[in-house]
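# Architecture at a glance
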Amino acid sequence: MLATGVVGAVEDPWIRWSWISGHVDVITAALVQHIQLTLIAVVIGLLIAVPLGLVAWRSRVFRGPIFTLTGILYTIPSLALFAFLLPFTGLTILTAEIGLVGYTLLILVRNIVVGLNSVPEDVREAARGMGFRPLAELARIDLPLAIPGIVAGVRIATVTTIGLVTVTALIGEGGLGSLIYDGLLHDFHTPLVVGTVLSVALAVVADLSLAGLQRLVTPWARSRAVT
Amino acid sequence: MSFFGQVVQWFLDPSHWQGDSGVPHRTFEHLVMSGASVLTAALIALPVGIAIGHFGKGGNLAINISNIGRAIPSFALLVLSAQVFGIAAASQVVGFGAVPAFVALVALAIPPMVTNSYIGMREVDPDVREAARGMGMRERAVLLRVELPIAMPFIMAGIRTSAVNVVATATLAAVVAWGGLGRFIVDGFGLQDYPMLFAGAVMVAVLSLIVEFSLAGVQRLATPAGLRPSKSTQKEEPLTALDTAAVAA
C-alpha cells in the first residue's frame, strides 16, 4: 500500500499508545456517550415504531403513508436532517436524537410488519378457536411469534444508529465520533483510529448480544436449528 | 423577515447560482462524484456477487460483507480515507478531497451490491435452472437468459441502496474538504449562516429523494413481467437490500 510513503510524509504513526494511556478518561467518556445516544434513539424509536407497526399491519389505508413517510425520513441524508433541525433546536442533544430516532423508524416499522405477517394464519385461527380476545391474541400470540422479525429490526437499527452517532460529532455531540472528528481537525491519527475501532467493536458486540437475546426469548425457535 | 423568508431569498439571490461555488456547479459535482463512485463499485461488486451466487460458493462471505459494511461508520471511512489519500491527492490536479471522497464512497457502495446480487442469484429456483439446461441451453445462456433476469430486481435493489447511501455520504465529504452540495451545509454551519445551511439541506434532501424514487422506478421496470406481483396477489413491497440481508443473516 501507499502507507509507507504517506506515514513517512506526516511522521504520525497510526497508533500512539502513549496518547491512549494518557486519555483513558476521554475515551471512556466518549464510549459511554456513544452508548447513551444509541440506547435513547433505539428505545424511543421502538416506542414510536411498535404502535406505527401495528397500525400499518392492521390497516391497509395507513400502511402506504406510514411506509412512505418513514421511507422519506430514512432517505434524507443525516447531515441534511441535522441541518434542518439546527436553526430550531440548536446544538443540543435533542437535535441529535430527533435525527437518530427518525432513522430507526423505517427499519423498525418494516420489520415489525414483516414479523407480524410471518405468524401463520392457522396459529391465529387456533388462538381464536381457544377463545382468545383480539387484545390477548395480539399480546400472547402475534407479538411473541413476531419477535424474531422484530429483533432482526432492532439489530439493524442499533448497528445503523451506532454508525450514525459518529456524524452527530459535527453538531457537538458524537460520542466516539468526536474522537474521529478530533483526529480530522488536528490531523492526528490516533484518536481517529481509536474512535473507528471502538465504534466498529461496539456495533459488533451490540449485534451479537441482541442475537443472543433473541435466542433466549424465543426458545421454541432453537430446536428448529439453522433456517 | 421570517427565517423561511431568508431561505427563499437565499435561493433567489443570483450570485448563489454562478461560478464554481454556485448551486449548478455544486449539484454537478455531487452527481458526477456519486455516479462515478456507484459505477466503479458496481463494476467491482456485481461480478463478485453474481459469481458467488452462480457457483454457490462463498455465500456466507456475500451475506456478511454487508453486515460488516454497516458496522463501519461512513463518517469514519471518509476521514480515514482523507488521512490515507489526502496528502497524495493534494499534489494532483483533481483537487484536495476528491480522491479520498471517491475511494470512501466506492468502498461504501460495494457491500450492498455484493449481498443483493448474491441473494438475487440464490432466488433462482434450481428446478428452473435444470429446466433451462434440459432445454439445451448452454451455461452462458442459462446465466444471461434465465438467472440474471430473475435476479435483476435484487441486483437493482442493491444498486439503489448503494446509490442512495453514496448520495447521502457525498454530502458528508464536504467535511473532508471536498465540494458537492454538502459545502452549503458545512459552510453555512461554519459561518453561522443558517439560511444557507437550511437551503443546502433542502437541496441535498430533494436530490436524495429524486435518486431514491427514480431508482425505485427503474427497479420495478427491471422486474420481468412474469415476476411482477399482480394486483390481486399484491404482497408487501419486497424487502429492501438492507432488510433482506439482515433477515437472511
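Residues numbered from 1 in each chain as written. Chains lettered and ligands numbered in written order. Predicted model: local features only at pLDDT ≥ 70, side-chain atom pairs only at ≥ 80, totals over all residues.

### Remarks on the overall build of chain B
The helix and strand inventory of chain B stands at ten helices and zero strands. Reading the helices (α) and strands (β) of chain B from amino to carboxyl end gives α-α-α-α-α-α-α-α-α-α. By the burial criterion, 50% of the 249 residues in chain B qualify as buried. (Helix = DSSP H or I, 4+ residues; strand = E, 2+ residues; numbered from the N terminus. Buried ≥ 20, exposed ≤ 12 C-beta atoms within 10 Å, placed from the backbone.)

### Re the overall build of chain A
If you tally the helices and strands in chain A, you get eleven helices and zero strands. Scanning chain A from its N terminus toward the C terminus, one meets helices and strands in the order α-α-α-α-α-α-α-α-α-α-α. Seen through its principal axes, chain A has C-alpha atoms that stretch 75 × 45 × 35 Å. Taking contacts inside chain A between residues at least 6 apart in sequence as the whole, the part at least 24 apart equals 71%. (Contact = placed C-beta atoms within 7 Å.)

### Here we look at the interface of chain B and chain A
On the chain A side, the residues contacting the 39 residues of chain B number 40 residues. Of all elements in the fold, only helix 3 (59-71), helix 4 (74-90), helix 7 (139-172), helix 8 (182-190), helix 9 (194-222) and helix 10 (241-248) of chain B reach the threshold of two or more residues within the side of chain B that touches chain A. Class assignment for the residues of the side of chain B that touches chain A results in 29 nonpolar, six polar and four charged. (Nonpolar A, V, L, I, M, F, W, Y, C, P; charged D, E, K, R; others polar.)

### Remarks on unusual backbone geometry
Non-glycine residue Asp187(A) carries a positive phi angle of around 55°. Mapped onto the secondary structure, Asp187(A) falls in the loop between helix 9 (176-185) and helix 10 (189-217). Unusually for a residue other than glycine, Gln192(B) sits at a positive phi of about 55°. Summarising the element assignment, Gln192(B) is placed in the loop between helix 8 and helix 9. You can call Gln192(B) exposed: it has 8 C-beta atoms within 10 Å.

### A word on the environment of Gly45(A)
For Gly45(A), the location among the structural elements is in helix 3 (residues 24-58). With 33 residues separating them along the chain, Gly45(A) and Ser78(A) place their C-alpha atoms 16 Å apart.

### Comments concerning the environment of Ala96(A)
Inspection of the secondary structure puts Ala96(A) in helix 6 (residues 93-117). On the basis of neighbour count, Ala96(A) is assigned to the buried category, with 28 C-beta atoms found within 10 Å.

### Overview of the confidence of the model for chain B
A low pLDDT score tells you not to read the predicted coordinates there in detail. Residues and elements named next belong to chain B. Per-residue pLDDT for chain B has a mean of 85; in total, 87% of the residues score no lower than 70. Helix 2 (residues 23-55) holds the highest mean pLDDT among the elements of chain B, 94, whereas helix 10 holds the lowest, 37. Confidence drops under a pLDDT of 50 for residues 232-249, and excluding neighbours within four residues, the segment shows 32 contacts in the predicted structure. Prediction confidence for the complex, expressed as pTM and ipTM, is 0.86 and 0.84 respectively. (pLDDT = per-residue confidence, 0-100.)

### What to know about the nonpolar core
Core analysis: the largest hydrophobic core is formed by 127 residues, its most contacted members being Ala101(B) and Ile185(B). The leading source of residues in this core is helix 5 (residues 98-122) of chain B, at 16 residues. The residues contacting Ile185(B), other than those within four sequence positions of it, are Leu79(A), Ala80(A), Ala83(A), Thr171(B), Ala174(B), Leu197(B), Gly200(B), Ala201(B) and Val204(B). (Core = buried A, V, L, I, M, F, W, Y, C linked by C-beta atoms within 7 Å.)

### What about the packing of helix 3 of chain A against helix 4 (residues 60-75) of chain A?
All names here are of chain A. As a packed pair, helix 3 and helix 4 sit with axes 6 Å apart at the nearest point and diverge in direction by 135°. Here helix 4 runs oblique to helix 3, going by the angle between their axes. Classified by chirality, the crossing of helix 4 by helix 3 is left-handed. Residues Leu52, Val55 and Ala56 of helix 3 form the contact with helix 4, whose participating residues are Phe62, Arg63, Ile66 and Phe67. When the residues that make up the contact of helix 3 with helix 4 are grouped by side-chain class, the tally is six nonpolar, no polar and one charged. (Axes fitted to C-alpha atoms, helices over the stretch in contact; angles between N-to-C directions. Parallel < 35°, antiparallel > 145°, perpendicular 65-115°, else oblique. Left-handed = near helix turned anticlockwise from the far one by under 90°.)

### Some remarks on helix 3 of chain B
Note that an α-helix has 3.6 residues per turn; residues three or four places apart therefore point the same way. Its 13 residues give helix 3 of chain B an end-to-end C-alpha distance of 19 Å, which sits within 8% of 18 Å, the value for a rise of 1.5 Å per residue. Burial in helix 3 of chain B covers these residues: Ala62(B), Ile63(B), Ile65(B), Ser66(B), Asn67(B), Gly69(B) and Arg70(B). (Expected span 1.5 Å × (residues − 1).)

### Topic: helix 5 of chain B
Over its 25 residues, helix 5 of chain B extends 37 Å from the first C-alpha to the last, a length consistent with the 36 Å expected when each residue adds 1.5 Å. Judged by how many residues are buried, helix 5 of chain B sits mostly within the fold: 23 of 25 residues are covered.

### Remarks on the packing of helix 8 (residues 134-165) of chain A against helix 10 of chain A
Residues and elements named next belong to chain A. Remark: helix 8 packs on helix 10, axes separated minimally by 9 Å, with the N-to-C direction vectors making an angle of 170°. As the angle between them shows, helix 8 and helix 10 are arranged roughly antiparallel. Taken together, the residues of helix 10 that come into contact with helix 8 (itself represented by Ile147, Pro148, Val151, Val154, Arg155, Thr158, Val159, Ile162 and Gly163) are Ser199, Leu202, Ala203, Ala206, Asp207, Leu210, Ala211, Leu213, Gln214 and Val217. Counted by class, the contact of helix 8 with helix 10 contains 13 nonpolar, four polar and two charged residues.

### A short note on the confidence of the model for chain A
All names here are of chain A. Predicted confidence across chain A gives a mean pLDDT of 88, with 93% of residues reaching 70 or more. The spread of mean pLDDT over the elements of chain A runs between helix 1 (residues 3-10), the lowest at 44, and helix 3, the highest at 95. Low confidence marks residues 1-10, where pLDDT is under 50. Its contacts with residues over four positions away, or in another chain, come to eight contacts.

### So, the environment of Phe213(B)
Inspection of the secondary structure puts Phe213(B) in helix 9. Sequence separation of Phe213(B) and Arg160(B) is 53 residues, and the distance between their C-alpha atoms is 9.3 Å.

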